[in-house]
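Now for the letters of each chain:
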Amino acid sequence: MNYFYKKTKLGYITIFEENNQIVKLKFGKLEDNSNFILSPLIKKTFQELDEYFEGKRKTFDIPINPKGTDFQKKVWIELTKIPYGNYTTYKDIAEKIGNENASRAIGNANNKNPILIIIPCHRVIGSNNKLRGYSSGINYQEKLLKIEKILKEQL
């Protein structure tokens, strides 16, 4: 697995690639020099992220392969259907996957989302229109929602 990190508008981001697919994207940097490679796919992913941060990109054209359970993958697929500039609730996602009592499990799947931003778990909030938690911290979630013009005052 190759990876590369670089400083972005939101701080350091590390991207992991395996078999020509992005398998992980996280905030922060990995202090390990093995497999530190800026592949063409990782370079393209950073380019698309920069465009997203500037408000110029609303969708990503990157092959992804998130690792997780079947349930998590089902949730993550549903998250990719939330349009840019919109948000939904854990309860809404639970209903869309056919298990209206799975809000807590949806939250756990969001917390395990390995490809932040591209799988937009930041667009999921609590039923009371409050930010409930974000695996990298609510401050990152707020920044991502502001980029998409979903200001906290709107929630």
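Before reading on, note that the structure itself is shown above.
Since this is a predicted model, take the numbers as computed values, not measurements.

Engineer: What exactly am I supposed to notice about the overall build of the protein chain here?
Structural biologist: When helices and strands are counted, the protein chain shows 5 helices and 5 strands. What you see in the protein chain, going N to C, is helices and strands ordered as β-β-β-α-α-β-α-α-β-α. For 155 residues, the compact-globule estimate of 2.2 N^0.38 gives 15 Å, and the C-alpha radius of gyration of the protein chain, at 15 Å, lies within 12% of that figure. Referenced to the eigenvectors of the C-alpha coordinate spread, the extents of the protein chain come out at roughly 45 × 35 × 25 Å. Sequence-distant contacts, at least 24 apart, represent 57% of the contacts inside the protein chain between residues at least 6 apart. A total accessible area of about 8,400 Å² is found for the protein chain, and carbon and sulfur atoms account for 45% of it. Each charge sign in the protein chain was given a centre, from 26 positive and 17 negative side chains, and these centres are 4 Å apart.

Engineer: It is not clear to me how unusual backbone geometry should be interpreted in this structure. Could you clarify?
Structural biologist: In most cases, non-glycine residues show a negative phi, while peptide bonds are predominantly trans. The backbone of asparagine 20 sits at a positive phi, close to 60°, despite the residue not being glycine. Given the relative accessible area of 57%, asparagine 20 is considered exposed.

Engineer: Would you take a moment to explain the packing of helix α2 (residues 70–79) against helix α4 (residues 103–111) for this structure?
Structural biologist: Packed helix pairs are characterised by how far apart their axes lie and by the angle those axes make with each other. In contact at an axis separation of 9 Å, α2 and α4 are set at 85° when each is read in the N-to-C sense. Between α2 and α4, the angle falls in the class roughly perpendicular. Contacts from Phe71, Gln72, Val75, Trp76 and Leu79 in α2 reach Ala105, Ile106, Ala109 and Asn110 in α4. For the contact of α2 with α4, the residue count by class is 7 nonpolar, 2 polar and no charged.

Here is what the cut-offs are and how they apply
Residues numbered from 1 in each chain as written. Predicted model: local features only at pLDDT ≥ 70, side-chain atom pairs only at ≥ 80, totals over all residues. Heavy atoms only, no water. Helix = DSSP H or I, 4+ residues; strand = E, 2+ residues; numbered from the N terminus. Rg over C-alpha atoms; globule rule 2.2 N^0.38 Å. Contact = heavy atoms within 4.5 Å. Areas by Shrake-Rupley, 256 points an atom, 1.4 Å probe, with all protein chains shown as cover. Lys, Arg positive; Asp, Glu negative; His and termini not counted. Charge placed at Lys NZ, Arg CZ, Asp CG, Glu CD. Buried < 20%, exposed > 50% of the residue type's maximum accessible area, 1.4 Å probe, protein only. Axes fitted to C-alpha atoms, helices over the stretch in contact; angles between N-to-C directions. Parallel < 35°, antiparallel > 145°, perpendicular 65-115°, else oblique. Nonpolar A, V, L, I, M, F, W, Y, C, P; charged D, E, K, R; others polar.

Coordinates in, geometry out; function isn't part of it.
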